[in-house]
Each structure stands twice: as C-alpha cells, then as structure tokens.
Amino acid sequence: MANYRIRKYEDKDCEVVRDIFAVGTREHIRAGFVYALKQPRLHLTLMCVLCLLFLSSRSFMLSILAVVLLLAGLRQASDYIYSTYVEATLKDDLLDINKTYMKSKGSCFWVAESNDHVVAMVATVPSKEEPGALELKRLSVRKNYRRLGIAKALCRTVLDFARANGYKAVVLETSHVQYDAQKLYESIGYKKIQQFVFPMLVAKIINFSILTYRYDFFSP
C-alpha cells in the first residue's frame, strides 16, 4: 500500500497538477494509434489506396510508400487529437483551478501527496448533462504511482463528496483506449451508459470513441 494522503487543492499545486494532466493524457497517444490500426475501415482504405496507386503507376514501391505516408499521417492525427484536447483543457478549467473548482457549490479539486510530492489529482463539478449528478473529471496519477490504490481512493473521495452533498449520481467520461480506467470505474460500481464518437473530423475518420459511465447512489 502506497504511503499517501488526499487533500484539497491549493494554489501552490497549480503547475504540477497541469503537468500531471498533460503528461498523463499524452500517454494515450500510442494506444489511440494502435486502436486506429485495428479498424476494418482503415484496412479497406489502405487496400484501396494501394490497389489504385499500383494500377495507375505500375510501381509497387511507390504504392507502398504512399501507404506508409498515410500511416504516418494517421499517427500524426492521433497526436493531434490528444494535443488539441490538452491545449484546450489547460486554457479552460485548468487555467484557474481555484476559480473553477474551489469557489463554486458542488465543485471541488483534490490532490494526492506521497513523500510531500503531488502525484495524482481528481476534480468534480455539477454535471451539465445530468441534473442532480456530479461529474468526475481530471483523474490522473503519475506513472510511477499507479496500481497502488491511489486512483481508487480519489474516485471514492468524489463519491463521498457527492453523497455528503445530496447528489443522486456521479457521471464521467473516458476514452475507449483507456482500458485500465474502464476497469477501475467498473470495479467501483460505475455502469457504462453511452458510447459516442468524439466530435472532431479526425476522430470520426479513425472512429475515436468516448464512453460515459454512471454511478447511482439509489437504484431507480
């Protein structure tokens, strides 16, 4: 069991929290690319490109080169999706964490400390989509501190906060390639209620999906 403590966010945590989020999110770029490579739509597209170029140029090497360039472009597309998301978030709610999360009713931001270093974070705000529910956001743990129970403890901190403040449920979103996160949420009791393609052209091309999970305190 890791030696850590969970406390509320303080202004001194700002830069390290932003870094944890950015680094943790960019770690999923490779997984997103690998997922895209497994899509049947991509296989068909690459095969069509290969055949068309070979028929028009009669050059197998040129056709192969074109496919390689397309794959390189796909890798860049995966990078673009995550980098754009990180940039937008750092300029949005993580620009002024105190204002966004610490001064509004139903909102809060916590960090986990180990040996006097902030190593993880999580936040919550009232859900815009689900009246009466909180949304769990920005859960991220430094790589060297994962699988030590910190993420689960942070999730339970959010659940305790929601329950204490009279909310009926907690919802969250995660990407389809964050397999460990999905297992964590399901082990706690979250249920997957929705899946949709991320609203970006590049994401639609590679079928990049977002999953919505919900934890209900009282069964309907």
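What counts and how
- Residues numbered from 1 in each chain as written.
- Predicted model: local features only at pLDDT ≥ 70, side-chain atom pairs only at ≥ 80, totals over all residues.
- Heavy atoms only, no water.
- Helix = DSSP H or I, 4+ residues; strand = E, 2+ residues; numbered from the N terminus.
- Buried < 20%, exposed > 50% of the residue type's maximum accessible area, 1.4 Å probe, protein only.
- Contact = heavy atoms within 4.5 Å.
- Areas by Shrake-Rupley, 256 points an atom, 1.4 Å probe, with all protein chains shown as cover.
- Lys, Arg positive; Asp, Glu negative; His and termini not counted.
- Charge placed at Lys NZ, Arg CZ, Asp CG, Glu CD.
- Axes fitted to C-alpha atoms, helices over the stretch in contact; angles between N-to-C directions.
- Parallel < 35°, antiparallel > 145°, perpendicular 65-115°, else oblique.
- Left-handed = near helix turned anticlockwise from the far one by under 90°.
- Nonpolar A, V, L, I, M, F, W, Y, C, P; charged D, E, K, R; others polar.
- UniProt positions renumbered as here; feature names shortened; annotations may be inferred.

Naming follows an unreviewed UniProt entry, where the chain appears as N-acetyltransferase camello of Huso huso.

(A) Local environment of the overall build of the chain. Secondary structure assignment for the chain yields eight helices and seven strands. Principal axes of the C-alpha set define a box for the chain whose edges measure 70 × 45 × 35 Å. By residue count, 45% of the 220 residues in the chain fall in the buried class. Long-range pairs, those at least 24 residues apart, make up 65% of the contacts in the chain between residues at least 6 apart in sequence. For the chain, the accessible area works out to roughly 12,600 Å², and carbon and sulfur atoms hold 57% of it. Distance between charge centroids for the chain: 6 Å, based on 31 positive and 21 negative side chains.

(B) Geometry of the packing of helix α1 (residues 14–26) against helix α4 (residues 60–90). The N-to-C vectors of α1 and α4 enclose an angle of 165°; their axes lie 9 Å apart at closest approach. If you check the angle between α1 and α4, you find them roughly antiparallel. The handedness of the crossing between α1 and α4 is right-handed. Counted together, Arg18, Phe21, Ala22, Thr25 and Arg26 of α1 and Tyr82, Ser83, Tyr85, Val86, Thr89 and Leu90 of α4 form the full contact between these two elements. Looking at the contact of α1 with α4 residue by residue, the classes come out as six nonpolar, three polar and two charged.

(C) The arrangement of the UniProt feature "transmembrane region" (unreviewed entry) in the chain in detail. As annotated by UniProt and renumbered to match this structure, "transmembrane region" (unreviewed entry) occupies residues 44–72. Taken end to end, residues 44–72 has its terminal C-alpha atoms 17 Å apart, with 93% of it in helix and 0% in strand.

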